[in-house]
Amino acid sequence: MSFLQKYKLKSNLFFSPMEACSDVAIRTLCYEQGAALTYIEMIRAYALTKKKQRFLEKLDPSQNIRQGLQLAAVKVTELKKTLVMIKQKQQEQDPRFMHIEAIDLNLGCPSPGLISEGGGSALIKRANRVKELFETLRSTWEGPVSAKMRLGMNQAEKEKKLYLKILNVAEEIGIDWITVHPKTVKDPSHDPVDLRALQECVENTSVPIIGNGLVTDESSAQAMLRTGVKGIMIARAAVADPFIFKRLRSFIETGKKLQMPTKQEYEQAFKRYLELATRAKIPKYYIEYHTRMFQLKINNQWDHFHSPKTMEQWT
């Protein structure tokens, strides 16, 4: 059984959890254009159990799309308490929790605040704690469980290949898949991802690997797929351009490139976003952010945040 068949996915393309960005409106657009699974942005596990409103309002699941929730957790007790609460809320048919089907553990966030707590990327060097967190995920949540990780905090951690220890733990516990952003926290955002390290991850575990980072078009997607990953998680390239999922899906399935959307199609997508955002009553800051991004795209001023030669440096 293939990876797609096992999880009943319509493609091998995921939409990334991005802070102050991955609201239900943009996730719906991405799902409609071919994303198989979309993620609600990262939320600290303890914030949900404390019922903090500004975190609860990020839970905007929809019954019309497939979605997962990314949690940041350091303490096993906090993670378990949060998972139990989500399950209870689902049983109570609380609409904020009803349609969460997958849980992802954040092992890659570069936020200094989270790292100072020992979470995010700081967990890469704490394999024993990660094992405890994975065990809690696997034993408490009945649906798919995964994690998103980097290669470490810095070059020294990367050279120790601590990320391979995390993959070994994931395989031992039976994690469904691991998304790997093959860079360290200290690597500049415009620097190329390390596709050799990504291939090393694929070759050293039976856990399906999803690649993430700097995929902006068909050629960069093809370069990442050559490493052997089972799928690709798209982040910034999908902001204001949800059509990227349609283009990549067509290229992966048929080898044919689709034409780029017209200005009018981007305008229609923006209108659709505003309609969805209004209906979902999402916070104003999401709408303001996506309005700026769509206007850049519509006016042909969009910056993909990446060098066009990013993937060409790996052969």
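Above this note sits the structure.
In what follows, the accompanying structure is described. (Residues numbered from 1 in each chain as written. Predicted model: local features only at pLDDT ≥ 70, side-chain atom pairs only at ≥ 80, totals over all residues. Heavy atoms only, no water.)

Comments concerning the pattern of salt bridges
Where charged atoms of side chains with opposite charge meet at close range, the side chains can pair.
Thinking step 1. The full count for this structure, using the stated rule, is 16 salt bridges.
Thinking step 2. For Asp 60, the salt bridge goes to Arg 27, with nearest N and O atoms at 2.7 Å. Residue Asp 60 is located in the loop between α4 (53-56) and β3 (67-72), and its partner Arg 27 is located in helix α2 (residues 24-32); the two are separated by 33 residues in the primary sequence.
Thinking step 3. A salt bridge links Glu 172 to Lys 131, with the nearest nitrogen and oxygen atoms 3.0 Å apart. Of the two residues, Glu 172 sits in helix α9 (residues 162-173) while Lys 131 sits in helix α7 (residues 127-140), which places them 41 residues apart along the sequence.
Thinking step 4. Among the residues examined, Glu 172 registers a relative accessible area of 54% and is labelled exposed.
Thinking step 5. Because the salt bridges share partners, they merge into one network encompassing Asp 241, Arg 247 and Lys 297. (Salt bridge = Lys/Arg side-chain N within 4 Å of Asp/Glu carboxyl O. Helix = DSSP H or I, 4+ residues; strand = E, 2+ residues; numbered from the N terminus. Buried < 20%, exposed > 50% of the residue type's maximum accessible area, 1.4 Å probe, protein only.)

Considering the sheet that holds strand β7 (residues 209-212)
Thinking step 1. Reading around the barrel, the eight strands line up as β1-β2-β3-β4-β5-β6-β7-β8 and close back on themselves, with parallel pairing between neighbours. The average angle at which neighbouring strand axes cross in this sheet is 30 degrees, direction not considered.
Thinking step 2. Bridging between strand β1 (residues 13-15) and strand β2 (residues 37-44) involves two bridges; their strand directions are parallel. By the bridge assignment for β2, Phe 15 is matched with Thr 38.
Thinking step 3. Where α2 meets the sheet, its contacts fall on β1, β2 and β3, and the angle it forms with β2 comes to roughly 155 degrees. (Pairing = 2+ DSSP bridges. Axes fitted to C-alpha atoms, helices over the stretch in contact; angles between N-to-C directions. Contact = heavy atoms within 4.5 Å.)

Quick word on the nonpolar core
Thinking step 1. Judged by nonpolar contacts, the single largest core of 90 residues is most densely connected at Leu 69, Leu 107, Phe 134 and Ile 178.
Thinking step 2. No other element matches the eight residues that α9 contributes to this core.
Thinking step 3. What Ile 178 contacts, discounting residues up to four positions off in sequence, is Phe 134, Ala 147, Met 149, Leu 167, Ala 170, Val 207, Pro 208, Ile 209 and Ile 210. (Core = buried A, V, L, I, M, F, W, Y, C linked by side-chain atoms within 4.5 Å.)

Looking at the pairing of β2
Thinking step 1. Burial of β2 is extensive: eight of the eight residues sit out of reach of the surface.
Thinking step 2. Summarising the sheet, β2 and β3 pair through five bridges and their orientation is parallel. By the bridge assignment, Arg 44 is partnered in β3 with Ala 72.

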